[in-house]
Amino acid sequence: MRVYLSTVSRPAADPPDAGPRRRRLALVSGNVVALGTVSLITDISAEMVAAVLPLYLVLGLQLSPVAFGVLDGVHTGATALLRVVGGFVADRFRRRKLVAGVGYALSAVAKLGLLLAGRSVPAIGAVIAVDRLGKGVRSAPRDALITLSTPPEALGRAFGVHRAMDSVGAFLGPLAAFAVLLLVGQSYDAVFVTSFCVAALAVVVLVLFVHEQPTTGPTTGPANEPDEPRVSVREAFGLLRSRPARRLLLAATMLGLATIGDGFVYLVLQRREDLGLRWFPLLAVGTSLAYLLLAAPLGVLADRIGRLPVVVGGYVALGVTYLLLAGPVHGWPALALTLALYGAFYAATDGVLIALAGPVLPPRLRTTGIALVQTGQALAYLVSSVVFGLAWQAWGPQTAVRAAAVVVVGVLVVTVLLLTAPSRPLLRKVSP
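Residues numbered from 1 in each chain as written. Predicted model: local features only at pLDDT ≥ 70, side-chain atom pairs only at ≥ 80, totals over all residues. Heavy atoms only, no water.

### What to know about the overall build of the chain
Along the backbone of the chain there are 17 helices and zero strands. For the chain, buried positions account for 56% of its 432 residues. Put simply, the chain shows about 17,600 Å² of open surface, and 69% of that area lies on carbon and sulfur atoms. (Helix = DSSP H or I, 4+ residues; strand = E, 2+ residues; numbered from the N terminus. Buried < 20%, exposed > 50% of the residue type's maximum accessible area, 1.4 Å probe, protein only. Areas by Shrake-Rupley, 256 points an atom, 1.4 Å probe, with all protein chains shown as cover.)

### Some points on the pattern of salt bridges
Opposite charge on two side chains lets them pair, provided their charged atoms get close. For the structure shown, the criterion picks out eight salt bridges. Note that Asp143 and Arg163 form a salt bridge whose closest N and O atoms lie 3.2 Å from each other. Here the residue Asp143 occupies a position in helix 7 (residues 121-148), and Arg163 occupies one in helix 8 (residues 155-184), the gap between them amounting to 20 residues. Arg163 shares its class with Asp143; the two are buried. Asp350 serves as the salt-bridge partner of Arg163, at 3.2 Å between the closest nitrogen and oxygen. (Salt bridge = Lys/Arg side-chain N within 4 Å of Asp/Glu carboxyl O.)

### Things to note about the packing of aromatic side chains
Under the defined criterion, the tally for this structure stands at nine aromatic pairs. Aromatic side chains Tyr342 and Tyr346 sit 5.2 Å apart centroid to centroid with 65 degrees between the ring planes, which places their arrangement in the edge-to-face category. Of the two residues, Tyr342 and Tyr346 both sit in helix 15 (residues 332-357), four residues apart, roughly one turn of that helix. Each residue in the set Tyr266, Tyr291, Tyr315, Tyr342, Phe345 and Tyr346 is aromatic and connected to the rest through ring pairs, giving one cluster. (Phe/Tyr/Trp six-rings, centres within 6.5 Å; stacked < 30°, edge-to-face > 60°.)

### Brief notes about the packing of helix 7 against helix 8
Packing of helix 7 against helix 8 leaves a shortest axis separation of 10 Å and a crossing angle of 135 degrees. Comparing the axis directions of helix 7 and helix 8 gives the class oblique. In this structure, helix 7 meets helix 8 at a crossing whose hand is right-handed. Where helix 7 abuts helix 8, its residues Arg142, Asp143, Ile146 and Thr147 lie against Leu155, Ala158, Phe159, His162 and Arg163. Per-class residue counts for the contact of helix 7 with helix 8 are four nonpolar, two polar and three charged. (Axes fitted to C-alpha atoms, helices over the stretch in contact; angles between N-to-C directions. Parallel < 35°, antiparallel > 145°, perpendicular 65-115°, else oblique. Left-handed = near helix turned anticlockwise from the far one by under 90°. Contact = heavy atoms within 4.5 Å. Nonpolar A, V, L, I, M, F, W, Y, C, P; charged D, E, K, R; others polar.)

### With respect to helix 14 (residues 307-326)
Between its terminal C-alpha atoms helix 14 stretches 29 Å, which fits the 28 Å expected from 20 residues at 1.5 Å a residue. Among the 20 residues in helix 14, 14 count as buried, and that is most of the element. (Expected span 1.5 Å × (residues − 1).)

### As for the nonpolar core
By size, the foremost hydrophobic cluster in this structure holds 113 residues, and its most contacted members are Leu57, Tyr266, Leu283, Tyr315, Leu318, Tyr322 and Phe388. Of the residues forming this core, the biggest block, 14 residues, is contributed by helix 15. In contact with Tyr266, not counting residues within four places along its chain, are Phe280, Leu283, Ala284, Thr287, Leu339 and Tyr342. (Core = buried A, V, L, I, M, F, W, Y, C linked by side-chain atoms within 4.5 Å.)

### Some details on the packing of helix 8 against helix 15
Where helix 8 meets helix 15, the closest approach of the two axes is 9 Å, and the angle between their N-to-C directions is 150 degrees. Relative to helix 15, helix 8 is oriented so that their crossing is right-handed. Here Leu155, Gly156, Phe159 and Arg163 of helix 8 lie close against helix 15, whose contacting residues are Asp350, Gly351, Ile354 and Ala355. For the contact of helix 8 with helix 15, the per-class residue count stands at four nonpolar, two polar and two charged.

### Observations regarding a nonpolar patch on the surface
A contiguous nonpolar patch, built from Leu201, Val204, Val207, Leu208 and Phe209 and spanning about 490 Å² of accessible area, is present on the exposed surface. Structurally, Leu208 can be placed in helix 9 (residues 188-209). (Patch = residues over 30% accessible without salt bridge, like charges linked within 9 Å, V, L, I, M, F, W, Y side chains within 5 Å.)

### Describing the confidence of the model for the chain
On average, residues of the chain score 79 in pLDDT, and 84% of them reach the 70 mark or higher. Highest mean pLDDT in the chain belongs to helix 14 (92); lowest belongs to helix 1 (residues 20-25) (42). With pLDDT under 50 throughout, residues 1-25 is counted as low confidence; its partners more than four residues away or in other chains account for 60 contacts. (pLDDT = per-residue confidence, 0-100.)

### What about helix 9?
Over its 22 residues, helix 9 runs 32 Å from end to end, which matches the ideal 32 Å to within 8%, given 1.5 Å per residue. Turning to helix 9, its buried residues number three or more, namely Tyr188, Ala190, Val191, Phe192, Ser195, Val198, Ala199, Ala202, Val205 and Leu206.

### Side note on the side chain of Asp91
Its place among the elements puts Asp91 in helix 5 (residues 80-93). Side-chain polar atoms of Asp91 contact the side chain of Arg96, separated by 3.4 Å. Side-chain polar atoms of Asp91 contact the side chain of Thr367, separated by 2.8 Å. (Polar contact = N/O pair within 3.5 Å; in protein donor to acceptor, adjacent residues only side chain to side chain.)

### Considering the side chain of Asn31
Looking at the element boundaries, Asn31 is found in helix 2 (residues 30-50). A relative accessible area of 7% means that Asn31 is categorised as buried. In contact with Asn31, not counting residues within four places along its chain, are Ser149, Phe209, Val210, His211 and Gln213.

### Some words on the environment of Glu47
With respect to the element layout, Glu47 can be found in helix 2. Between the alpha carbons of Glu47 and Pro281 there is a distance of 9.1 Å; along the sequence they are 234 residues apart. Not counting chain neighbours up to four residues away, the residues in contact with Glu47 comprise Ala170, Gly173 and Pro174.

### Examining the environment of Val387
Assignment of secondary structure puts Val387 in helix 16 (residues 366-395). Linking Val387 and Leu257, residues 130 residues apart in sequence, is a C-alpha distance of 9.8 Å.

### Topic: the environment of Gly410
Its place among the elements puts Gly410 in helix 17 (residues 397-419). For Gly410, a relative accessible area of 36% puts it in the partly exposed group. When the C-alpha atoms of Gly410 and Ala258 are compared, they prove to be 9.0 Å apart, with 152 residues separating the residues in sequence.

The structure is reproduced here in structure tokens:
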């Protein structure tokens, strides 16, 4: 297992015979680009809905902060265990593309479900659960395909490029929702229908252009997979017996506790700056723009200096974001800085954390292991969303955000201690 545990520190250099120009041109594999295109299109669809949903629930349906936190957190956590099931099925049957495709299709269908839900909060909750189920099922197989399509020393770059393409969709989605609302008035149904059509296009691109990968990855040649024994449940549980994998899972879960959710961040900003409701969907655009500009450079930086320092820097940016939300400075400069730091947080952590996790996990169990990490984060997100909603209602948004900043500091200390233990099994270099 320890041969895989090396990407937290600076990876080894490329072979001497590989010229710098060649390395610059061979950025990522075609499969990574195809998966990035799928994510780009899907995020346009998802962010069209996400940009208007918090406003609709809290201001339109008059949900309390606690109710919104429960709705947002519980449905993410409730589907968390299915991530592991999906990851295990993808590894056992070696059908990562198929499992990912099912997840993308579920999310697409959920957009139509919002049309039928109307103003019923339980029905909206059920539809959100289906959408989150789709996201939970697809995320680990998709990320496993990226790791299996990329040499270990280039994982940060591959995830950076993928997340940059993903963030293009996150940038365009709120703009598309804004445009639809301008054209048809305050008709959320039009947003939902348009979102479904875009999501369906992503499924088509996945089917046509994404290819399954052998579990040996791109550096060792194709595997004779039909002759390999299938992954067993016992083998999957064996991941938890690996000390480095356990430490990484615990650290990822702790980091999830520090995240309160985009909806809360944007609601605090809207109230704090007294923004008009029509501008609310554009708050996500600022975050996505920073994410788009920083994801690939930070991924490359993670490959050069180590992935753990970049992840830690991302959570420092998150803590500063919370402090700005609770600080005395107002106006457009403060608003722009807050959104920029929030986007930097995502750029430094989203793909880089999975790039950090990938080589810790054996290829046969790569999808299952990534799903475990994502499940830990999702369950932690459930707790943080509900607790933050309670804190908002009890103390007000400013005090709740300050408390969240304190949590970030505590979580970072624990994470660094976990991933830089005296044995330092996660700090070895990878040989390309």
